[in-house]
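Results of the structural survey
Next come the chains, spelled out residue by residue.
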Amino acid sequence: MNGKVKTIWITGANGQVGSELRKLATFYPKYNFLFTTREDVPIHDAALVEKFLFHNPVDVCINAAAYTAVDLAEKEREQAMLVNATAPGYLASACYLHNVRLIHISTDYVFDGNGKVPYLEDDAVDPVNFYGQTKLIGEQEVLRLHLQSIVVRTSWVYSTFGKNFVKTIYKLIKERKEISVVNDQFGCPTYAADLANALLLIAITDNAPPGIYHYCNKGIISWYDFAEAICTLSNSSCVVFPIATSHYPTPAKRPAFSALNTEKIKKTFHLSIPDWKQSLKICLQDIVQ
Ligand SMILES: NC(=O)c1ccc[n+]([C@@H]2O[C@H](COP(=O)([O-])OP(=O)(O)OC[C@H]3O[C@@H](n4cnc5c(N)ncnc54)[C@H](OP(=O)(O)O)[C@@H]3O)[C@@H](O)[C@H]2O)c1
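The next point concerns the overall build of the protein chain. Within the protein chain one finds 9 helices and 12 strands. In terms of overall dimensions, the protein chain is globule-like: its C-alpha atoms have a radius of gyration of 19 Å, near the 19 Å expected for 289 residues. Structurally, the protein chain occupies a C-alpha span of about 55 × 35 × 35 Å along its principal axes. Looking at the 289 residues of the protein chain, the share that counts as buried comes to 47%. Relative to all contacts within the protein chain whose residues are 6 or more apart in sequence, the contacts with residues 24 or more apart total 84%.

Okay, structure coming up:
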C-alpha cells in the first residue's frame, strides 16, 4: 500500500457514523473515498458486495452499515440477524479475497451489564437483547473470516444526523415542562464525529494491529445525567426527573452498566479522546442552528 493513494470504502454512508465520515473525508484530500448507501450496495447481498470490490480498487473498508433499531430487533429478528451477523461475514470474506482491510463497528451491548468497572476488549460477552446477540455474531464472523480485521465497539452514539437520544431529548425539552429519564443505566456517550475521527485514523494507519478496540467519549454517566446536561447546555427550563428502568419498560432489555475501557485504542493509535460534555456541547451547537 505504501506510495499509493489509499482508497477507503464506507458502507452505511447515510447513517450517523457514515454521515460524519463523509463530512470528515473532506479534510483528507490525499485519500480516495467511496461512500455507499443501502440502495447502492446492500451489504446483505453477497454478490453485490463481491461485485463492488471486484470493480473498485479498495484498500480499507469501514462498515458503518447496520440494523440499529434495538427494540424493533426483538420482533424483526430475521432482518436484524441478516444485516448485523450474516452481512458482516459476507463483507469479511470479500475483503479477505480482495486484500482489503476491514474495520467493522460493534457495540457495548455485547456485554451483560453486570460489570462495575469499564469493560475491556477481552472481557466475557453475554448480550441481554437480540440486537446485542446479532452484533456479537457479526463481530465474531468478521474476526473469524478475515484475521486482519479490526472491530471497534462503541456506545450511546449521537450526532446531528439520524435519530438519537440527544435529538430526541432536545425536541422533548422544547415541547414539555418536565420529562422523566432512567437513572440506573450507566454508559459512555459517543459523538459520532469523534468516532469517525478515530475510524479514519485507524484506516490510514499502515499495519494497524488487528483485533477488537473500544471507543467512546471520556466519562461514565446515566441517561438521566445525559438528559440533564442536554437541558443545561440548551438553557432549557424543562425539569428532568430520574426514574428507574422498571418504570420505563422497553421491548429490548438494556445492560445496566456498559461503560467501555478505551486505553487500548488510545495507546495503539496515540489517540486523545474528548470528554463527553465537551463533545455534547459541540454537537448541540450544530443541532440548535
Ligand atoms: N447508534 C448507537 O447508539 C450505537 C451504539 C453502539 C454501536 N453502534 C454501532 O455503530 C454503527 C453505526 O451506527 P449508526 O448509529 O451510525 O447507525 P444508523 O444511523 O442507523 O446507520 C446505519 C446505516 O446502515 C444502513 N443499512 C441498514 N441496513 C443496510 C444494509 N443491509 N446494507 C447497507 N446499508 C444498510 C442504514 O440505511 P438506511 O438509512 O437506508 O436505513 C443506515 O444508513 C453500527 O454498527 C451500530 O451497530 C451504534
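A word on the environment of Asn-164. Structurally, the position occupied by Asn-164 is in the loop between strand S6 (157–158) and helix H5 (165–175). Residue Asn-164 is classed as partly exposed on the basis of its 19 C-beta neighbours within 10 Å. Expressed as a C-alpha distance, the spacing of Asn-164 and Asp-206, which sit 42 residues apart in the sequence, is 33 Å.

Looking now at the sheet that holds strand S2 (residues 32–35). Read from one edge of the open sheet, 6 strands run S2-S1-S3-S4-S5-S10, paired in parallel fashion. Among the strands making up the open sheet, the edge pair consists of S2 and strand S10 (211–214). This sheet shows a mean twist of 20° between the axes of neighbouring strands, independent of strand direction. With 4 bridges joining them, strand S1 (residues 7–11) and strand S3 (residues 60–63) adopt parallel strand pairing. Within S3, the residue paired with Ile-8 across the bridge is Val-60.

If you check the shell around the ligand, you find 26 residues, and the closest are Gly-12, Gly-15, Gln-16, Ala-65 and Ala-66. The element best represented in the shell around the ligand is helix H1 (residues 16–25), accounting for 3 residues. Looking at the shell around the ligand residue by residue, the classes come out as 12 nonpolar, 12 polar and 2 charged.

The subject of this paragraph is unusual backbone geometry. Of note, the phi angle at Asn-99 is positive, near 55°, even though the residue is not glycine. Mapped onto the elements, Asn-99 comes out in the loop between helix H3 (77–97) and strand S4 (101–107). By C-beta crowding, Asn-99 is classed as exposed, having 11 other C-beta atoms within 10 Å. Positive phi outside glycine occurs at Trp-156, with the angle close to 45°. On the basis of neighbour counts, which here come to 24 C-beta atoms within 10 Å, the residue Trp-156 falls in the buried class.

For the pair H1 and helix H6 (residues 192–204), interaxial distance at closest approach is 8 Å and the crossing angle is 65°. Crossing hand, H1 versus H6: right-handed. Along its contact with H1, which presents Gln-16, Val-17, Glu-20, Leu-21 and Leu-24, the element H6 presents Ala-192, Ala-193, Leu-195, Ala-196, Asn-197, Leu-199 and Leu-200. Among the residues forming the contact of H1 with H6, the class breakdown is 9 nonpolar, 2 polar and 1 charged.

The rules behind these values
Residues numbered from 1 in each chain as written. Predicted model: local features only at pLDDT ≥ 70, side-chain atom pairs only at ≥ 80, totals over all residues. Helix = DSSP H or I, 4+ residues; strand = E, 2+ residues; numbered from the N terminus. Rg over C-alpha atoms; globule rule 2.2 N^0.38 Å. Buried ≥ 20, exposed ≤ 12 C-beta atoms within 10 Å, placed from the backbone. Contact = placed C-beta atoms within 7 Å. Pairing = 2+ DSSP bridges. Axes fitted to C-alpha atoms, helices over the stretch in contact; angles between N-to-C directions. Near = placed C-beta within 6 Å. Nonpolar A, V, L, I, M, F, W, Y, C, P; charged D, E, K, R; others polar. Left-handed = near helix turned anticlockwise from the far one by under 90°.

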